[in-house]
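# Per-entry structural report
Single-letter residue listing:
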Amino acid sequence: PGRTLFPYTTLFRSSIKNGRIGVMAAWGPALGEERVKDAAHYVMSLSRDKGFDEGRAQRGQVVFNSLPANCASCHGAEGKGTLGMAPNLTDDVW
C-alpha cells in the first residue's frame, strides 16, 4: 500500500515553496503556488506513490527539469539524488 496524499504532498510543497534551511532554495516566489503543487506531485510520482495526481505530475516534470527551479540539476534527471548534495527522491526515505 502506498502512502496517503497527506501529509506527503504538504511536506513536499513546503520544501519546494519554502526551501530547506542551508540546503535548498525557496522556489515558491519564482514558481507560484500552482507550479509548486505540480512539482510536489511529480516528486511523489518518482517514488511510484499512488497518491499523486497524474496531470499535476506531468506538469511537475517540466518544472523539475527546467528553469527557474531546475530541480534535476541537484536531484538528477531521474530524481535519484546526488551524493552529498541532494537526496534520492525515488525511494521512500526522505
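So, here is what we can say about the structure in this document. Because the structure is a prediction, the values reported are computed rather than measured.

## Quick word on the environment of Leu11
- Relative to the elements of secondary structure, Leu11 occurs in helix H1 (residues 5-18).
- On the accessibility criterion, Leu11 (39% relative accessible area) is partly exposed.
- Residues Leu11 and Ala40 lie 29 residues apart in sequence; the distance between their C-alpha atoms is 8.6 Å.

## Thoughts on helix H4 (residues 54-64)
- Regarding H4, the residues found buried are Arg56, Ala57, Gly60, Val63 and Phe64. The arc that holds the buried residues of H4, viewed along the axis, is 105°, so those residues lie on one side.
- On the buried face of H4, the contacting elements are helix H2 (28-31), helix H3 (33-46) and helix H5 (72-75).
- For H4, the capping residue at the N-terminal end is Asp53, with a side-chain oxygen 3.1 Å from the backbone nitrogen of Gly55.

## Focus: the nonpolar core
- Judged by nonpolar contacts, the single largest core of 16 residues is most densely connected at Phe12, Ile16, Leu31, Leu46, Phe64 and Leu89.
- For this core, the elements supplying multiple residues, two or more each, are H1, H3 and H4.
- Take this core: its biggest share by element is seven residues, from H3.

Cut-offs and rules
- Residues numbered from 1 in each chain as written.
- Predicted model: local features only at pLDDT ≥ 70, side-chain atom pairs only at ≥ 80, totals over all residues.
- Heavy atoms only, no water.
- Helix = DSSP H or I, 4+ residues; strand = E, 2+ residues; numbered from the N terminus.
- Buried < 20%, exposed > 50% of the residue type's maximum accessible area, 1.4 Å probe, protein only.
- Arc of directions from axis to C-beta.
- Contact = heavy atoms within 4.5 Å.
- Polar contact = N/O pair within 3.5 Å; in protein donor to acceptor, adjacent residues only side chain to side chain.
- Core = buried A, V, L, I, M, F, W, Y, C linked by side-chain atoms within 4.5 Å.

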